[in-house]
Amino acid sequence: MTPPHTVPTAPLTVATVQATPTPGDVAGNAVTAADLVRRAGDQGARVAVLPELFLCAYHPPSLAADPVGTDVAADPAGEVADPRLDPLRAAARRAGVTALVGAAARHPDGRRTIAALVVDRTGAVRVGYDKQQLWGDERELFSAGDRGATLLVDDWRLGLGICYDGCFPEHGRAAALDGAHGYLCPSGYLAGSEHRRDLYYAARALDNTMFVVFANAVGGVDPWRFNGGAAIYDPQGRVLARGADDGTEVLVATLDPAALAATRAAHSMLADRLPNQGGTRVSMSG
């Protein structure tokens, strides 16, 4: 049983974003993303999380009709050189913000994935993580990722997930057992899912005594209308910041390592976790 990594030495200010991208318009959405990253930086954020598939919009008809135009291409090392992303690169570099933004990624082996792109503070772009848990009809358009990922920012370890990944306790737990202090989840929750939206990510925070940053799309046209509610949770699952169910928002909170340490001292689930759940399960009649 591996204990969590040492808590960070300094706070980290993060932003979560809810916004409405235009289906199929990667270049235009990159300009919008650049503005959102600038706004996050102006509020002191050093990490900004944008919604799932933000660069192409979560709009299956567009994704199916134009798989070339809606995708960004990654090289064998996962680097992305698409010139449509130049405004986003420049914004991250000038603001000193590491941005996590959703995209449809095309890999050299032909796989198409729902990806979280990492745009670092130098403006470099790479595929940071491919969604492992595909939801519903996503399986007709995309391949599932086959590994987890942790983003290192200063001395913070931030596990990466995308939307449906966060519905599986095992996914967040895998990040925590890799030493994550936080869990970043670009997402796309449809209108009508508010109860689940607000429950899953608070639960992942408390399950694993880690911060959670949940971004979400907002707006759009039925049946692809999204419900906002972007949020940042503390390690007990309490809300540090939350957006409304509609409207563009850039929400900022500071992740406090003292709060992380205090929570893990009081609620030691990670340290107390059994290597298994007691071996063979017993069944009995009642």
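To start, this report covers the structure provided alongside it. Small disclaimer: the values here were computed from a predicted structure and weren't measured.

### Examining the overall build of the protein
Per the secondary structure count, the protein includes 9 helices and 14 strands. Relative to its length of 286 residues, the protein is compact, with a C-alpha radius of gyration of 18 Å against a globular reference of 19 Å. Referenced to the eigenvectors of the C-alpha coordinate spread, the extents of the protein come out at roughly 55 × 45 × 40 Å. Split into buried and exposed, the 286 residues of the protein put 51% on the buried side. For the protein, contacts bridging at least 24 residues in sequence account for 68% of all contacts bridging at least 6. On the protein, roughly 12,100 Å² of surface is accessible, and the fraction owed to carbon and sulfur atoms is 53%.

### A closer look at the environment of valine 212
With respect to the helices and strands, valine 212 occurs in strand β10 (residues 211-219). Take valine 212: its relative accessible area is 0%, and that puts it in the buried class. It is 15 Å that separates the C-alpha atoms of valine 212 and valine 153, two residues lying 59 residues apart in sequence. Residue contacts for valine 212: discarding those within four places in its chain leaves Tyr183, Tyr201, Arg204, Ala205, Ala231, Ile232 and Tyr233.

### Here we look at the pairing of strand β6 (residues 125-130)
Summarising the sheet, strand β5 (residues 112-119) and β6 pair through 5 bridges and their orientation is antiparallel. The residue bridging leucine 117 from the neighbouring strand is valine 127, located in β6. Remark: 5 residues form the turn of the hairpin made by β5 and β6, two consecutive strands paired antiparallel; glycine 123 in that turn has positive phi of roughly 95°.

### Description of the side chain of aspartate 120
Relative to the elements of secondary structure, aspartate 120 occurs in the loop between β5 and β6. Within the structure, the side chain of aspartate 120 is placed 2.6 Å from the side chain of threonine 122, a separation counted as a polar contact. Discounting chain neighbours no more than four positions away, the residues touching aspartate 120 are Ala92, Val97, Thr98 and Arg126.

### What about the packing of helix α1 (residues 26-42) against helix α4 (residues 86-95)?
As a packed pair, α1 and α4 sit with axes 8 Å apart at the nearest point and diverge in direction by 10°. Comparing the axis directions of α1 and α4 gives the class roughly parallel. Contacts from Ala30, Val31, Ala33, Ala34, Val37, Arg38 and Gly41 of α1 reach α4 at Pro87, Leu88, Ala91, Ala92 and Ala95.

### Side note on the state of the cysteines
By the definition in use, this model includes 0 disulfides. Unpaired in this structure, cysteine 163 has its nearest cysteine sulfur neighbour in cysteine 167, at a distance of 6.4 Å. On the basis of relative accessibility, which here comes to 14%, the residue cysteine 167 falls in the buried class.

About the thresholds
- Residues numbered from 1 in each chain as written.
- Predicted model: local features only at pLDDT ≥ 70, side-chain atom pairs only at ≥ 80, totals over all residues.
- Heavy atoms only, no water.
- Helix = DSSP H or I, 4+ residues; strand = E, 2+ residues; numbered from the N terminus.
- Rg over C-alpha atoms; globule rule 2.2 N^0.38 Å.
- Buried < 20%, exposed > 50% of the residue type's maximum accessible area, 1.4 Å probe, protein only.
- Contact = heavy atoms within 4.5 Å.
- Areas by Shrake-Rupley, 256 points an atom, 1.4 Å probe, with all protein chains shown as cover.
- Pairing = 2+ DSSP bridges.
- Polar contact = N/O pair within 3.5 Å; in protein donor to acceptor, adjacent residues only side chain to side chain.
- Axes fitted to C-alpha atoms, helices over the stretch in contact; angles between N-to-C directions.
- Parallel < 35°, antiparallel > 145°, perpendicular 65-115°, else oblique.
- Disulfide = S-S within 2.5 Å.

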